[in-house]
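The chain contents come next:
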Amino acid sequence: MAPTKPRKTRVQWTYPAVHGQRLRDARQDLCLTLAEVCEACAALDPLATFVTSNLSRYERGEGNPSPKRLRALAQVLGKTPDDFLVHPRNRRTTEDVAA
């Protein structure tokens, strides 16, 4: 019998973690409801599904939007996607600069 190749281990991929309170604060600063944000996001990307219950889950930290949805949310809220990430890449904090 011919030797078989070892199987590659599959790495579980997850969406980047979103800081829900920042998302909620940005929405409330613009005086927008969950439904209004979802409608605006759906207008930007008709193929993506935006549901108020999912947006509420993102704000409570119970889930993370896909990168595509995060970009749409950030555009509607006038921010960049990195503004909502828990650990944004390539961003130095004031503590890093002081050290």
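Q: Break down the nonpolar core for me, with residues and values.
A: Ranked by internal contacts, the top residues of the largest apolar core, which has 18 residues, are Leu23, Val37, Cys41, Leu55 and Phe84. Secondary-structure elements contributing two or more residues to this core are helix 1 (20-29), helix 2 (34-44), helix 3 (52-60) and helix 4 (67-77). The element that contributes the greatest number of residues to this core is helix 4, accounting for 6 residues. Residue contacts for cysteine 41: discarding those within four places in its chain leaves Phe50, Ala72, Leu73 and Val76.

Q: Could you give an account of helix 2, naming the residues involved and the relevant values?
A: Of all the residues in helix 2, the buried ones are Val37, Cys38 and Cys41. Angular distribution of buried residues about the axis of helix 2 spans 100 degrees; they occupy a single face of the element. Away from the buried face of helix 2 by more than 90 degrees, exposed residues Glu39 and Ala43 are located. Buried-residue contacts for helix 2 involve helix 1, helix 3 and helix 4.

Q: Break down the environment of threonine 49 for me, with residues and values.
A: In this fold, threonine 49 is placed in the loop between helix 2 and helix 3. Separated by 20 residues in the primary sequence, threonine 49 and arginine 69 have C-alpha atoms spaced 8.6 Å apart.

Q: Help me get a handle on the packing of helix 2 against helix 4, residues and values and all.
A: With their axes 9 Å apart at the nearest point, helix 2 and helix 4 run at an angle of 115 degrees to one another. It follows from the interaxial angle that helix 2 and helix 4 lie roughly perpendicular. Two packed elements cross with a definite hand, and for helix 2 against helix 4 that hand is right-handed. Counting all contacts with helix 2, which are made through Val37, Ala40, Cys41 and Leu44, the residues of helix 4 involved are Ala72, Leu73, Gln75, Val76 and Leu77. When grouped by side-chain class, the residues that make up the contact of helix 2 with helix 4 number 8 nonpolar, 1 polar and no charged.

Q: Account for helix 4, naming residues and giving values.
A: All of the buried residues in helix 4 are Leu70, Ala72, Leu73, Ala74, Val76 and Leu77. On its buried face, helix 4 is in contact with helix 1, helix 2 and helix 3. Directly beyond the C-terminal end of helix 4, a positive phi value near 70 degrees is found at glycine 78.

Q: Describe the confidence of the model for the chain, listing the residues and the values that go with them.
A: Scored by pLDDT, the chain has a mean of 82; 80% of the residues are at 70 or more. For the stretch residues 93-99, pLDDT sits under 50, and the model shows 1 contact to residues farther than four places along the chain or on other chains.

The rules behind each value
- Residues numbered from 1 in each chain as written.
- Predicted model: local features only at pLDDT ≥ 70, side-chain atom pairs only at ≥ 80, totals over all residues.
- Heavy atoms only, no water.
- Core = buried A, V, L, I, M, F, W, Y, C linked by side-chain atoms within 4.5 Å.
- Buried < 20%, exposed > 50% of the residue type's maximum accessible area, 1.4 Å probe, protein only.
- Helix = DSSP H or I, 4+ residues; strand = E, 2+ residues; numbered from the N terminus.
- Contact = heavy atoms within 4.5 Å.
- Arc of directions from axis to C-beta.
- Axes fitted to C-alpha atoms, helices over the stretch in contact; angles between N-to-C directions.
- Parallel < 35°, antiparallel > 145°, perpendicular 65-115°, else oblique.
- Left-handed = near helix turned anticlockwise from the far one by under 90°.
- Nonpolar A, V, L, I, M, F, W, Y, C, P; charged D, E, K, R; others polar.
- pLDDT = per-residue confidence, 0-100.

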